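# Descriptive analysis of the structure
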Amino acid sequence: MSNTIILKAEDLDGYLTKEDNEELRQLDDMFKETMQYFDPINKEKIIEGYDKMGKVMQDICAKHPAIKVYSFETDTQAQAEASCVISRLRDERTDHQEFMYYSQRAYEMLFRMAYVNQKTDKKGHIIVKTPVTFPVQNYAVHKIPDIDHKINNTVMCVMLRGALLPSMIVSKEIQEYSSTGYLTPFALFKISRNDTKNENNMEYILDLDKSFFNLDGLNGKDLIFADPMNATGGSLVTVVKYLQGQGVKPKSIAFFNTISTLKGSIRVTRALENCTCYTLWVDPVMNEKAYIMPGLGDAGDRLNGCDTKNHPRNIIQLLADYGHNISSLYRSQMFEIERTVLG
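Residue numbers here run from 1 along each chain, matching the order of that chain's written sequence. Note on the predicted model: pLDDT of at least 70 is required for a residue's local features to be given, and 80 or more for side-chain atom pairs to be given and counted; whole-chain, interface and lining totals, by contrast, use all residues. The basis for the side-chain values is all heavy atoms of the structure; hydrogens and waters are excluded.

## Points about the pattern of salt bridges
For clarity, the cut-off: Throughout this description, the term salt bridge denotes a Lys or Arg side-chain nitrogen within 4 Å of a carboxyl oxygen of Asp or Glu. Helix and strand assignments come from DSSP, with helices taken as H or I runs of at least 4 residues and strands as E runs of at least 2, each series counted from the N terminus.
A full pass over the atoms with the stated rule returns 16 salt bridges. Here Glu81 makes a salt bridge to Arg105, at a shortest N to O gap of 3.6 Å. A residue pair is termed long-range when its members are at least 10 positions apart, and Glu81 in helix H4 (residues 76-90) and Arg105 in helix H5 (residues 96-115) qualify at 24 residues. Within the structure, one salt-bridge network assembled from shared partners comprises Glu19, Glu23 and Lys63.

## Considering the packing of aromatic side chains
Formally: When two rings of Phe, Tyr or Trp (its six-membered ring) have centres within 6.5 Å they constitute a pair, described as stacked for plane angles under 30 degrees, edge-to-face for angles over 60, and tilted for the intermediate range. When a residue's accessible area, from a 1.4 Å probe over protein chains only, is under 20% of the maximum for its type it is buried; when over 50% it is exposed; and in between it is partly exposed. Consider the ring centre and the ring normal. A charge sits over the ring if Lys NZ or Arg CZ is within 6 Å of that centre and within 35 degrees of that normal.
One pass over the full model with this rule turns up nine aromatic pairs. Summarising the aromatic geometry, the rings of Phe31 and Phe38 are spaced 6.1 Å apart at their centres and angled 80° between planes, so their arrangement reads as edge-to-face. Residue class for Phe38 comes out partly exposed when judged on its relative accessible area of 34%. Members of the aromatic cluster, connected to one another through ring pairs, are Phe111, Tyr115, Tyr177, Phe256 and Tyr278. Residue placement shows Arg193 over the ring face of Tyr291; its charged tip is 5.3 Å from the ring centre.

## Some details on the environment of Val282
Rule in force here: Any two residues having at least one pair of non-hydrogen atoms within 4.5 Å are treated as being in contact.
As for its placement among the helices and strands, Val282 is situated in strand E11 (residues 275-283). For the pair Val282 and Leu262, spaced 20 residues apart in sequence, the C-alpha to C-alpha distance is 6.1 Å. Aside from chain neighbours lying at most four places away, what touches Val282 is Met57, Val69, Phe72, Ser260, Thr261 and Leu262.

## Re the environment of Val158
Residue position: Val158 is located in strand E5 (residues 154-160). Taking the relative accessible area as the measure of exposure, Val158 reaches 0% and is therefore buried. Along the primary structure Val158 and Ala187 are separated by 29 residues, whereas in three dimensions their C-alpha atoms are 6.1 Å apart. If near-sequence neighbours (up to four positions away) are discounted, Val158 is found in contact with Ala163, Leu164, Ser167, Phe186, Ala187, Leu188 and Phe189.

## Section: the nonpolar core
Convention followed: Here, the term nonpolar core denotes a set of buried Ala, Val, Leu, Ile, Met, Phe, Trp, Tyr and Cys residues that are joined through side-chain atoms within 4.5 Å.
Core analysis: the biggest nonpolar cluster contains 87 residues, and Tyr115, Leu164, Phe225 and Phe256 have the highest contact counts within it. Top contributing element to this core by residue count: H5, with 10 residues. Here Phe256 is in contact with Tyr107, Leu110, Phe111, Ala114, Tyr115, Ile224, Phe225, Ala226, Asp227 and Tyr278, once residues within four sequence places are set aside. Val56, Ile60, Ile67 and Val282 belong to the second largest nonpolar core, which has 16 residues in total.

## Here we look at helix H2 (residues 43-61)
As a reminder of what qualifies: One less than the number of residues in a helix, times 1.5 Å, gives the span that helix is expected to have.
For H2, spanning 19 residues, the distance from its first C-alpha to its last is 26 Å, which sits close to the expected 27 Å at 1.5 Å a residue. Lining the buried residues of H2 we find helix H1 (18-35), strand E2 (67-69), helix H3 (70-73), helix H9 (262-271) and E11.

## Re unusual backbone geometry
With omega at 0°, the peptide bond leading from Asp39 into Pro40 counts as cis. Omega for the peptide link from Met293 to Pro294 comes to 0°, which places this bond in the cis form. In this model, Asn274 sits at a positive phi of 55°, which is unusual for a non-glycine residue. The phi dihedral of Ala290 is positive, around 70°, even though this residue is not glycine. You can see Ala290 is positioned in the loop between strand E12 (285-286) and strand E13 (292-293). Exposure remark for Ala290: the relative accessible area of 1% places this residue in the buried category.

Honestly, it's all geometry; don't read function into it.
So, in structure tokens, the structure goes:
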């Protein structure tokens, strides 16, 4: 029998307050009203509907300091960049390679929002040896934010499989900003939803036989989870509650999403102590199958391609399928993941 941990939808019910549920119902009504103008399309009414929902979501997020939405937290120029990146990720015409490129952009932006504050961070220096050797070997000096104290205790926790590449991207950013080139350890969790279920009876299944992690290596650490989509928050809660049940006490938890529902963000920050959600964009609702609306489809399939029903890929095959460009760019991360899997 498979060694699995299952968390059910009813286990998540207690984290939302009466006020939360009322605000979420309000957004659901607003989205249903806006959907009336999708077919035939009425652009003016759609823009008006989304503007109203955006204002409501911004007001709600202001009451939840552990929810950091890029488009609410940054200046106008940065907000425009987020809009462009999200619009390309959502677009059904965006192909696989473009989707990977814009996902990388998204996580670089989220990393800067979470860890880099140009106004308050002390400065460090990087001295670089250049290819210029005449009349002598040349060097250059560049200032960078000194954020070692924020990143050098981190562990990258991967909720396979759509989260694999985003996790590698964040790990690469940490390595780049670390004065010592700190390479995050990896912990890999095979967590999935039972997609035969609806949101109200969903099951979140953690397969321990296909997960790779060291409990001692997680205790007292700053755990980072990077998942493109956060719909219900159930997958993250399942993993963290299991770890806590095994005696792991994280110092902090950071959850990075390209898109999150408001409901998922609120639930996660209520369920998990010292957890902060960083999301590039917040969407108002999800459908009864627990898919985000308007969403962007299955982010895992758009990043990794689809497995055939009878031949799902293991993690080593998935890494190989990323191809030469990705494997070269994230070479250190891939070696660390392979070491974690192969022992």
